[in-house]
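One-letter residues, chain by chain:
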Amino acid sequence: LKMYLKKLKDLRIDNDLYQKEVANILKITRQQYGLYESGKRDIPIDLLIKLADFYHVSTDYILGRTNKKELDKENV
């Protein structure tokens with residue numbers, strides 16, 4: 001299982017959001033977002049960046065390249 005799938009779901013749940021709400025933020029359908037979260041489709045980079053910005057985490061955190069959730073201040 002791709003690490004980012006768990007991170008996408010965990011971030012959404014930690015923020016008390018439904019798939020529909022995250023889909024609205026990304027301007028896509030709930031079904032489309034569900035495909036990303038379930039791993040049936042790879043998430044496009046532009047949407048990954050939008051999610052990282054929305055959740056205030058790095059794309060590396062979502063992708064499982066780091067466990068550090070906080071963004072470095074100089075990289076913002």
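Preceding block: the structure.
What comes next is a walk through the structure. (Residues numbered from 1 in each chain as written. Predicted model: local features only at pLDDT ≥ 70, side-chain atom pairs only at ≥ 80, totals over all residues. Heavy atoms only, no water.)

What follows concerns helix α3 (residues 30–38). For α3, the full list of buried residues reads Tyr33, Gly34, Tyr36 and Glu37. Angular distribution of buried residues about the axis of α3 spans 160°; they occupy a single face of the element. Looking at the buried residues of α3, the elements they touch are α1 (3–14), α2 (19–26) and α4 (45–55). Count one or two residues on from α3 and you reach glycine 39, which has phi positive near 85°. (Buried < 20%, exposed > 50% of the residue type's maximum accessible area, 1.4 Å probe, protein only. Helix = DSSP H or I, 4+ residues; strand = E, 2+ residues; numbered from the N terminus. Arc of directions from axis to C-beta. Contact = heavy atoms within 4.5 Å.)

Attention now goes to the pattern of salt bridges. In the structure shown here, the tally under the stated rule is four salt bridges. Put simply, aspartate 10 and lysine 6 hold a salt bridge, and the shortest N to O gap is 2.8 Å. Linking aspartate 10 with lysine 6, this pair stays in helix α1, spanning four residues, or about one helical turn. Look at aspartate 10 and you get partly exposed, because its relative accessible area is 30%. With a shortest N-O distance of 3.8 Å, lysine 69 and aspartate 14 are connected by a salt bridge. Placement of the pair is lysine 69 in the segment after α5 (59–63) and aspartate 14 in helix α1, with a sequence separation of 55 residues. Under the relative-accessibility criterion, lysine 69 is labelled partly exposed at 32%. You can call aspartate 14 exposed: its relative accessible area is 52%. (Salt bridge = Lys/Arg side-chain N within 4 Å of Asp/Glu carboxyl O.)

A separate point is unusual backbone geometry. The backbone phi angle of aspartate 16 is positive, close to 55°, even though this residue is not glycine. Relative to the helices and strands, aspartate 16 resides in the loop between α1 and α2. Assessed through its relative accessible area of 67%, aspartate 16 is described here as exposed. A positive phi angle, near 60°, is found at histidine 56, a position not held by glycine. Mapped onto the secondary structure, histidine 56 falls in the loop between α4 and α5. A relative accessible area of 60% places histidine 56 in the exposed class.

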